[in-house]
Every structure is written in C-alpha cells, then in structure tokens.
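Each chain, written out:
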Amino acid sequence: MGIAALVLVGFAGAAAGGIVGFVFGFAMNSHHDVLRGIRPDTQNRLLLFMCRQTAGLRAIETLVMFLLLCVWLALFFLLVAAPAIAAQHFTPDHSSAPLVAYGAFLACAWALSRFGAHAWRTLV
C-alpha cells in the first residue's frame, strides 16, 4: 500500500484543491465587476442569480442566496478536510501523507485559480 496509496492521497488533495481554487479564482475576479454592476454574458440562470448585487434582492431571493452560501461553506470545509481524511484513511502509517495531500491541494488550488479567473474574464 505504499506508493499507490500516496498517489491516491495526492490525487484527492489535487482534486479538492482544484475545485476550491477554480471557485476562488472565479469569485475573486467576478466580485469587483459584480459590485460595479457588470453582468456576465451567459444564459446560466444560477450564475446570473449569483452575480447580482445583494442590495437588489427580494426577501425570498435573499433566503435562497443565504442557503446557497451555507451549502458552499459546508462544501468548502469538506473539500479542505478531504486530503487529511484521505491521508488518514489510505495511509495511516505514513507521516508524509498529509504533506503530500496538502502540497497537491495548494499547488492545484493556485493553478486552477488562474483558470477560474480566466473563465470569468471570458464571460464579461
């Protein structure tokens, strides 16, 4: 269970980091544009809903936005914990497994944040 388990743990860290990085890159680049009133050029209703100024939301829309943000927060914490959970589950005897997992997490989060930023720029 040596190297294959470490590769699996690294892959779990990379996948979780990639998701977090892409969303953060997209969100950080869209934030300033959305605050200035710039809307993305898309037909995706969820994206159009999320890229609105919150001051213009009605009560039910505010509740839906709050629930979506709570789901994202829970998913974010799960994704950040996933590399440690995978390291503990697949390689309980390796002390270097969390380092591999979070190294892959950070590398992919950084790399895919660039793709998330690019994805936003292609929509506006």
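Right above here is the structure, for reference.
What counts as what
- Residues numbered from 1 in each chain as written.
- Predicted model: local features only at pLDDT ≥ 70, side-chain atom pairs only at ≥ 80, totals over all residues.
- Heavy atoms only, no water.
- Helix = DSSP H or I, 4+ residues; strand = E, 2+ residues; numbered from the N terminus.
- Rg over C-alpha atoms; globule rule 2.2 N^0.38 Å.
- Buried < 20%, exposed > 50% of the residue type's maximum accessible area, 1.4 Å probe, protein only.
- Contact = heavy atoms within 4.5 Å.
- Areas by Shrake-Rupley, 256 points an atom, 1.4 Å probe, with all protein chains shown as cover.
- Lys, Arg positive; Asp, Glu negative; His and termini not counted.
- Charge placed at Lys NZ, Arg CZ, Asp CG, Glu CD.
- Core = buried A, V, L, I, M, F, W, Y, C linked by side-chain atoms within 4.5 Å.
- Salt bridge = Lys/Arg side-chain N within 4 Å of Asp/Glu carboxyl O.
- Patch = residues over 30% accessible without salt bridge, like charges linked within 9 Å, V, L, I, M, F, W, Y side chains within 5 Å.
- Axes fitted to C-alpha atoms, helices over the stretch in contact; angles between N-to-C directions.
- Parallel < 35°, antiparallel > 145°, perpendicular 65-115°, else oblique.
- Left-handed = near helix turned anticlockwise from the far one by under 90°.
- Nonpolar A, V, L, I, M, F, W, Y, C, P; charged D, E, K, R; others polar.

> Explain the overall build of the chain to me, using residue names and the numbers behind them.
Scanning the chain from terminus to terminus reveals four helices and zero strands. Written out in order from the N terminus, the α and β elements of the chain read α-α-α-α. A compact globule built from 124 residues should have a C-alpha radius of gyration of about 14 Å, whereas the chain, at 18 Å, is more than 25% larger. C-alpha atoms of the chain, sized along the principal axes, occupy 55 × 30 × 20 Å. Here the chain, with 124 residues, has 31% of them falling under the buried criterion. Across the chain, every contact between residues at least 6 apart in sequence was considered, and the portion connecting residues at least 24 apart equals 70%. Summing over all exposed atoms, the chain offers an accessible surface of approximately 8000 Å²; the carbon and sulfur share of this is 73%. Computed over 7 positive and 4 negative side-chain charges, the separation of the two mean positions in the chain equals 10 Å.

> Tell me what's going on with the nonpolar core, and back it up with residues and numbers.
Counting residues in hydrophobic clusters, the biggest one holds seven residues: Phe 26, Val 34, Leu 47, Cys 51, Ala 119, Trp 120 and Leu 123. Contributions of two or more residues to this core are made by helix 1 (3–35) and helix 4 (97–123). When residues in this core are grouped by element, the largest group, three residues, is from helix 4. Apart from the residues within four sequence positions on either side, Leu 47 is in contact with Phe 26, Pro 40, Thr 42 and Leu 123. Judged by nonpolar contacts, the second largest core, of five residues, contains Leu 6, Val 9, Ala 97 and Ala 101.

> Please give an account of the pattern of salt bridges that cites residues and values.
Oppositely charged side chains are able to pair whenever their charged atoms sit close together. Within this structure, the stated rule accounts for three salt bridges. Among the ionic pairs, Glu 61 bridges to Arg 52, the shortest N-O distance being 3.2 Å. Residue classification places Glu 61 among the buried residues on the basis of a relative accessible area of 13%. Take Arg 52: its relative accessible area is 23%, and that puts it in the partly exposed class. Glu 61 is the partner of Arg 58 in a salt bridge, and the nearest nitrogen-oxygen pair spans 3.3 Å.

> Talk me through a nonpolar patch on the surface; I want residue IDs and the actual numbers.
Judged by side-chain polarity, Ile 19, Phe 22, Val 23, Phe 24, Met 28 and Phe 115 come together as a nonpolar surface patch covering roughly 560 Å² of accessible area. Take the nonpolar patch: its biggest share by element is five residues, from helix 1. Along the chain, Phe 24 turns up in helix 1.

> Just give me the short version of the packing of helix 1 against helix 3 (residues 59–90), but keep the residues and values in it.
Contact pair helix 1 / helix 3: the axes reach a minimum separation of 8 Å and the direction vectors enclose 165°. Comparing their axes, helix 3 and helix 1 come out roughly antiparallel. Crossing of helix 1 against helix 3: the hand is left-handed. Note on element contacts: helix 3 touches helix 1 through Trp 72, Phe 76, Leu 79, Ala 82, Pro 83, Ala 86, Ala 87 and Phe 90, opposite Ala 5, Leu 8, Val 9, Ala 12, Gly 13, Ala 16, Ile 19, Val 20, Val 23 and Phe 24. Split by residue class, the contact of helix 1 with helix 3 holds 17 nonpolar, one polar and no charged.

So, to be careful, I would describe these as geometric facts and stop short of saying anything about function.
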